[in-house]
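Listed below are the residues making up each chain.
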Amino acid sequence: MPGPTRGFLGRSRPARDPRLPPGQYDVGADWPVLTAEPTPRISPETWSITVAGKVENPTTWDWAGVHALPASEYRGDIHCVTTWSKFDTRFAGVSLDSLWDVARPTTEGAFVMATSKSGYTTNLPIEDLVGGKAWLVWEFDGQPLSIEHGGPVRLLVPHLYFWKSAKWVTKLDVLKRDQQGFWERNGYHDRGDPWRQQRYQGDA
Ligand SMILES: Nc1nc2c(c(=O)[nH]1)N[C@H]1C(S)=C(S)[C@@H](COP(=O)(O)O)O[C@H]1N2
Ligand SMILES: [Mo]
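Residues numbered from 1 in each chain as written. Chains lettered and ligands numbered in written order. Predicted model: local features only at pLDDT ≥ 70, side-chain atom pairs only at ≥ 80, totals over all residues. Heavy atoms only, no water.

Focus on the packing of aromatic side chains
- Taken as a whole and judged by the stated rule, the model has 12 aromatic pairs.
- Measuring from centroid to centroid gives 5.8 Å for tyrosine 161 and tryptophan 163, while their planes differ by 15°, and the two rings are stacked. Judged on exposure class, the residue tyrosine 161 and its partner tryptophan 163 are both buried.
- Among the aromatic residues, ring-to-ring pairing joins Tyr120, Tyr161, Trp163, Phe182, Trp183, Tyr188 and Tyr200 into one connected group.
- The side chain of arginine 19 reaches across the aromatic face of phenylalanine 87, ending 3.9 Å from its centre. (Phe/Tyr/Trp six-rings, centres within 6.5 Å; stacked < 30°, edge-to-face > 60°. Buried < 20%, exposed > 50% of the residue type's maximum accessible area, 1.4 Å probe, protein only. Lys NZ or Arg CZ within 6 Å of the ring centre and 35° of its normal.)

Below is the structure:
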């Protein structure tokens, strides 16, 4: 005769960290590099970012220009669609709000195409890039952002899957209508909320 079955509560299973969105695992101290294109070498002296499109005041900032904006930090988690999440990251740079304050998107501007120096693109609703939710960053854990992670400057949109955080970002185009970026054309979701598991086109 088999003994009493061990109930669900009797099993010792580690509690799932509430910071983990569904379908994700904790990558720990690692930080995987995911790059679709050859890694571009961009010196801070030649880097710049341009905000254009449906804005009242198209503007380009160089390295000194972005450093003259108010400093802003992100401390928290990041989530890659390939299922790794990384807890307690610390990035420093500027809030995108500081760029919007100068460039001033028009009421027609509803979406943004972020473009990397290397040609990578990704599309986002502008609402996801305002209100203290998105940054341009050049430091990770107090050190200059490494080239493979997007240095000198990358986009950081940590509340969406990490493919939205374009490395080596040099252009933000404000658009009236949504257009698909590199991974979105290849089947990934136009928004990419990890808590809603918006991984692929067609996910709710
Ligand atoms: N320019 C560029 N940015 C990019 C990518 C890329 O291939 N090229 N990959 C995206 C994806 S899929 C992820 S998960 C993150 C990876 O950033 P990391 O290599 O710093 O972890 O960058 C995003 N930004
Ligand atoms: Mo990714």
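Still to come is the rest of the account.
Some points on the site of ligand 1
- Taken together, 21 residues lie around ligand 1, and Pro32, Ala36, His149, Arg154 and Lys167 are the ones closest in.
- Contact distances for ligand 1 include 2.6 Å between an oxygen atom and a side-chain N or O atom of histidine 149.
- Here an oxygen atom of ligand 1 and a side-chain polar atom of arginine 154 are 2.7 Å apart.
- Protein contacts shield 98% of the accessible area of ligand 1, which totals 530 Å² for the unbound molecule.
- Classifying every residue of the shell around ligand 1 gives 13 nonpolar, five polar and three charged. (Near = heavy atom within 4 Å. Polar contact = N/O pair within 3.5 Å; in protein donor to acceptor, adjacent residues only side chain to side chain. Areas by Shrake-Rupley, 256 points an atom, 1.4 Å probe, with all protein chains shown as cover. Nonpolar A, V, L, I, M, F, W, Y, C, P; charged D, E, K, R; others polar.)

With respect to the environment of valine 66
- Of note, valine 66 is situated in helix H1 (residues 63–67).
- Considering only alpha carbons, one finds valine 66 and leucine 136, 70 residues apart in sequence, at a separation of 8.7 Å.
- For valine 66, the residues in contact, after removing those within four places along its chain, are Trp47, Ile49, Trp61, Val94, Leu136 and Trp138. (Helix = DSSP H or I, 4+ residues; strand = E, 2+ residues; numbered from the N terminus. Contact = heavy atoms within 4.5 Å.)

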